[in-house]
Amino acid sequence: MNAPLPDVLKQHLIDPEICIRCNTCEDICPVDAIEHDSRNYVVKADVCNACGACISPCPTGAIDNWRLMLKVDAFSLADQYSWDELPPDQPPLDAAGEVLVAEQPVVLEQLQDEPKSSRRAPWSAAHPYVNLYGQQQPAVATVAGNYRVTGEDCDSDVHHIVLDFGTGFFPVLEGQSIGVIPPGTDEKGRAHYARQYSIASPRDGERPGYNNLSLTVKRVTTDHAGKPVRGVASNYLCDLKKGDAVQVIGPFGNSFLMPNHPGSNLLMICTGTGSAPMRAMTEHRRREGARNTGRLMLFFGARTQAELPYFGPLMKLPKDFIDVNLALSRAPGEPRRYVQDRLRERSADVAALLKSADTCLYVCGLRGMEAGVLDALRDICAAHGLDWGATAQAMQAEGRIHLETY
Ligand code: NAP
């Protein structure tokens, strides 16, 4: 029989081979047990309480690794930072050669105080495939197209990139993402890790019936503080030529998915390249035609019209198909408008959608907008006899509220 001993712990580790460095775990950890360097995400063994809050939000499952360890032998942060792959799992044995048991429980679900993003998909979502390809055996796609979708007269260089998988099996759904592995090595001579991008095309391909998908990628030339940097993956992708081969891993994501039942409504709020999944969902609904009579309402923020990706095609969509609300923050001669301002202006229509159990809400884009958007939704509910806390909780429980901000 296994003997429980107090000096054994179930150490939480992150698999560097699968992790796509999206920062979700570090953001969500309630006790700040997760940190990262330019390469790896690691867990502080003495801080992690195995609450499980980070497990289901992780898009790849890299987070869900546990090792039974004697506390004295726990892997240090330096150990974890040095890994390219997890060490073999060798449970500690007692003197009789039996496996020691950890006392610390692993709780895989933890309710958050504030209703946030759902960790489950809407009930009528299609079943997603995830993690079909990893860093060791990526899929190889061919670039079928690469063109700029922001105006030539603005600084924001956003590209629409089409990747074709030929006869390879790479099934995706709207709202999922992929990882792209840039060629070459980092400053330490190690292979680059994959960067995550949302898929901007519907399940049946950027071109209907083709085995391809598209991405919306902004060329990164400065960091968050405005200091000049050259984004490794974004510059690689934006410079790709037709016919180039690209290493792809994934697909990822099993909750940020769209409902499929007739009459389901999509309330979509995004900024900049956060529009990628909204484009995918909108295009899927457009291709469905009259088969789905649900409403589509989009709030889309950008600095100027020229900086708004896909402005031309978006404006061509029929008004009775999608209700488009643009929020331009730096349009010359106009007051600054953010998506939350436009939400408030359309308060009655937003409230009507929130009242419906057939409405799914998607927020994607800049991290900074999340608080403002949630405040606006709270105020809109209050003004229309709805309790935001109860509404958000129901939406969360039913997989109808999804936030993806970076
Ligand atoms: P951006 O052009 O920098 O910003 C879009 C708009 O959001 C601007 O009008 C900006 O206004 C406004 N904004 C700034 N702070 C705001 C706030 N607190 N509340 C509301 N609006 C605010 O956007 P971007 O560079 O494309 O970035 C989009 C984000 O989406 C990135 O973080 C990206 O990582 C993420 N994302 C990308 C993908 C993808 O597949 N490429 C997928 C998902 C998410 P001002 O600048 O005038 O203040």
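Remember, predicted model here, so these are calculated numbers, not experimental data.

The rules behind these values
Residues numbered from 1 in each chain as written. Predicted model: local features only at pLDDT ≥ 70, side-chain atom pairs only at ≥ 80, totals over all residues. Heavy atoms only, no water. Helix = DSSP H or I, 4+ residues; strand = E, 2+ residues; numbered from the N terminus. Rg over C-alpha atoms; globule rule 2.2 N^0.38 Å. Buried < 20%, exposed > 50% of the residue type's maximum accessible area, 1.4 Å probe, protein only. Areas by Shrake-Rupley, 256 points an atom, 1.4 Å probe, with all protein chains shown as cover. Lys, Arg positive; Asp, Glu negative; His and termini not counted. Charge placed at Lys NZ, Arg CZ, Asp CG, Glu CD. Domains from an automatic or database assignment. Contact = heavy atoms within 4.5 Å. Buried area = accessible area lost by both parts, 1.4 Å probe. Salt bridge = Lys/Arg side-chain N within 4 Å of Asp/Glu carboxyl O. Polar contact = N/O pair within 3.5 Å; in protein donor to acceptor, adjacent residues only side chain to side chain. Nonpolar A, V, L, I, M, F, W, Y, C, P; charged D, E, K, R; others polar. Near = heavy atom within 4 Å. Pairing = 2+ DSSP bridges. Phe/Tyr/Trp six-rings, centres within 6.5 Å; stacked < 30°, edge-to-face > 60°. Lys NZ or Arg CZ within 6 Å of the ring centre and 35° of its normal. Axes fitted to C-alpha atoms, helices over the stretch in contact; angles between N-to-C directions. Parallel < 35°, antiparallel > 145°, perpendicular 65-115°, else oblique.

**Regarding the overall build of the chain**
Line of reasoning, step 1. When helices and strands are tallied, the chain shows nine helices and 15 strands.
Line of reasoning, step 2. The globule rule puts the C-alpha radius of gyration for 406 residues at 22 Å, and the 22 Å found for the chain is close to it.
Line of reasoning, step 3. Taking all 406 residues of the chain together, 51% fall into the buried category.
Line of reasoning, step 4. If you sum the accessible surface of the chain, you get close to 18,900 Å²; carbon and sulfur atoms cover 52% of it.
Line of reasoning, step 5. Charge-centre separation for the chain: the mean point of 40 positive side chains lies 8 Å from the mean point of 50 negative side chains.

**Digging into the domain arrangement of the chain**
Line of reasoning, step 1. If you check the domain split of the chain, you get domain 1 (1-110), domain 2 (139-252) and domain 3 (265-405).
Line of reasoning, step 2. The partner domain 2 presents nine residues to the ten residues of domain 1 that form the contact.
Line of reasoning, step 3. Note on domain 1 versus domain 2: buried area summed over both sides is about 890 Å², and carbon and sulfur give 52% of it.
Line of reasoning, step 4. Sorting the residues of domain 1 by area buried against domain 2 places Ile20, Ser38 and Arg39 first, and these three jointly supply 59% of that buried surface.
Line of reasoning, step 5. If you look at where domain 1 meets domain 2, you find one salt bridge.
Line of reasoning, step 6. Residues Arg39 and Asp186 are paired through a salt bridge, measuring 3.2 Å at the closest nitrogen-oxygen approach.
Line of reasoning, step 7. On the surface where domain 1 and domain 2 come into contact, there are two residue pairs in polar contact (both at pLDDT 80 or more).
Line of reasoning, step 8. Split into classes, the residues belonging to the side of domain 1 that touches domain 2 amount to four nonpolar, three polar and three charged.

**Considerations on the site of the ligand**
Line of reasoning, step 1. Near the ligand lie 21 residues; those nearest to it are Thr216, Lys218, Ser329, Arg330 and Tyr338.
Line of reasoning, step 2. The separation between an oxygen atom of the ligand and a polar main-chain atom of Tyr406 is 3.2 Å.
Line of reasoning, step 3. The protein chains hide 83% of the 930 Å² of surface that the ligand would expose on its own.
Line of reasoning, step 4. For the shell around the ligand, the secondary-structure elements that each account for two or more residues are strand 8 (195-198), strand 9 (212-218), strand 12 (296-302) and strand 14 (359-365).
Line of reasoning, step 5. Its residues assigned to classes, the shell around the ligand shows seven nonpolar, eleven polar and three charged.
Line of reasoning, step 6. Viewed by domain, the shell around the ligand spans two of them, domain 2 (139-252) and domain 3 (265-405), each represented by three or more residues.

**As for the pairing of strand 9**
Line of reasoning, step 1. For strand 9, the buried fraction is high: six of the seven residues fall into the buried class.
Line of reasoning, step 2. Strand direction decides the pairing type here: strand 6 (residues 158-164) and strand 9, joined by seven bridges, are antiparallel. Looking across to strand 9, one finds that His160 is bridged to Thr216.

**Looking at the packing of aromatic side chains**
Line of reasoning, step 1. Under the definition given, this model contains five aromatic pairs.
Line of reasoning, step 2. With a centroid separation of 5.5 Å and an interplanar angle of 15°, the aromatic rings of Tyr133 and Phe170 are classed as stacked. In this pair, Tyr133 sits in the loop between helix 2 (77-82) and strand 5 (139-148) while Phe170 sits in the loop between strand 6 and strand 7 (177-181), placing the two residues 37 residues apart along the sequence.
Line of reasoning, step 3. Since its relative accessible area comes to 5%, Phe170 is described here as buried.
Line of reasoning, step 4. Each ring, one from Phe256 and one from Tyr362, has its centre 5.2 Å from the other, and the planes form 55°; the classification is tilted. Of this pair, Phe256 sits in the loop between strand 10 (245-252) and strand 11 (265-271) while Tyr362 sits in strand 14, placing them 106 residues apart in sequence. Like Tyr362, Phe256 is buried.
Line of reasoning, step 5. Through a chain of ring-to-ring contacts, three or more aromatic side chains come together here, namely Tyr133, Phe165 and Phe170.
Line of reasoning, step 6. The ring centre of Tyr193 lies 4.1 Å from the NZ or CZ of Arg195, which sits over that ring.
Line of reasoning, step 7. Stacked on the ring of Tyr310, the Lys or Arg Arg279 has its end atom at 4.9 Å from the ring centre.

**Some words on the sheet that holds strand 8**
Line of reasoning, step 1. Reading across the sheet, the six strands line up as 8-7-10-5-6-9 and stay open at both edges, with antiparallel pairing between neighbours. Unpaired on one side and paired on the other, strand 8 and strand 9 mark the two borders of the sheet. Averaged over all pairs of adjacent strands, the angle between their axes in this sheet comes to 40°, without regard to strand direction.
Line of reasoning, step 2. Bridging between strand 7 and strand 8 involves four bridges; their strand directions are antiparallel. When the bridges of strand 8 are listed, Gly179 appears paired with Gln196.

**Quick notes on the packing of helix 7 (residues 347-355) against helix 8 (residues 369-383)**
Line of reasoning, step 1. Axis separation between helix 7 and helix 8 bottoms out at 9 Å; the angle between their running directions is 85°. Here helix 7 lies roughly perpendicular to helix 8, going by the angle between them. In this structure, helix 7 contributes Ser347, Val350, Ala351 and Leu354 to the contact, and helix 8 contributes Leu377, Ile380 and Cys381.
Line of reasoning, step 2. Within the contact of helix 7 with helix 8, the residues separate by chemical class into six nonpolar, one polar and no charged.

**Here's the deal with unusual backbone geometry**
Line of reasoning, step 1. Of note, the bond from Gly250 into Pro251 is cis; its omega dihedral lies within 30 degrees of zero at -10°.
Line of reasoning, step 2. For Pro251, the position within the fold is in strand 10.
Line of reasoning, step 3. Even without a glycine there, the phi angle at Arg21 is positive, about 55°.
Line of reasoning, step 4. Along the chain, the position of Arg21 falls in the loop between strand 1 (8-13) and helix 1 (24-28).
Line of reasoning, step 5. The backbone of Ala50 sits at a positive phi, close to 55°, despite the residue not being glycine.

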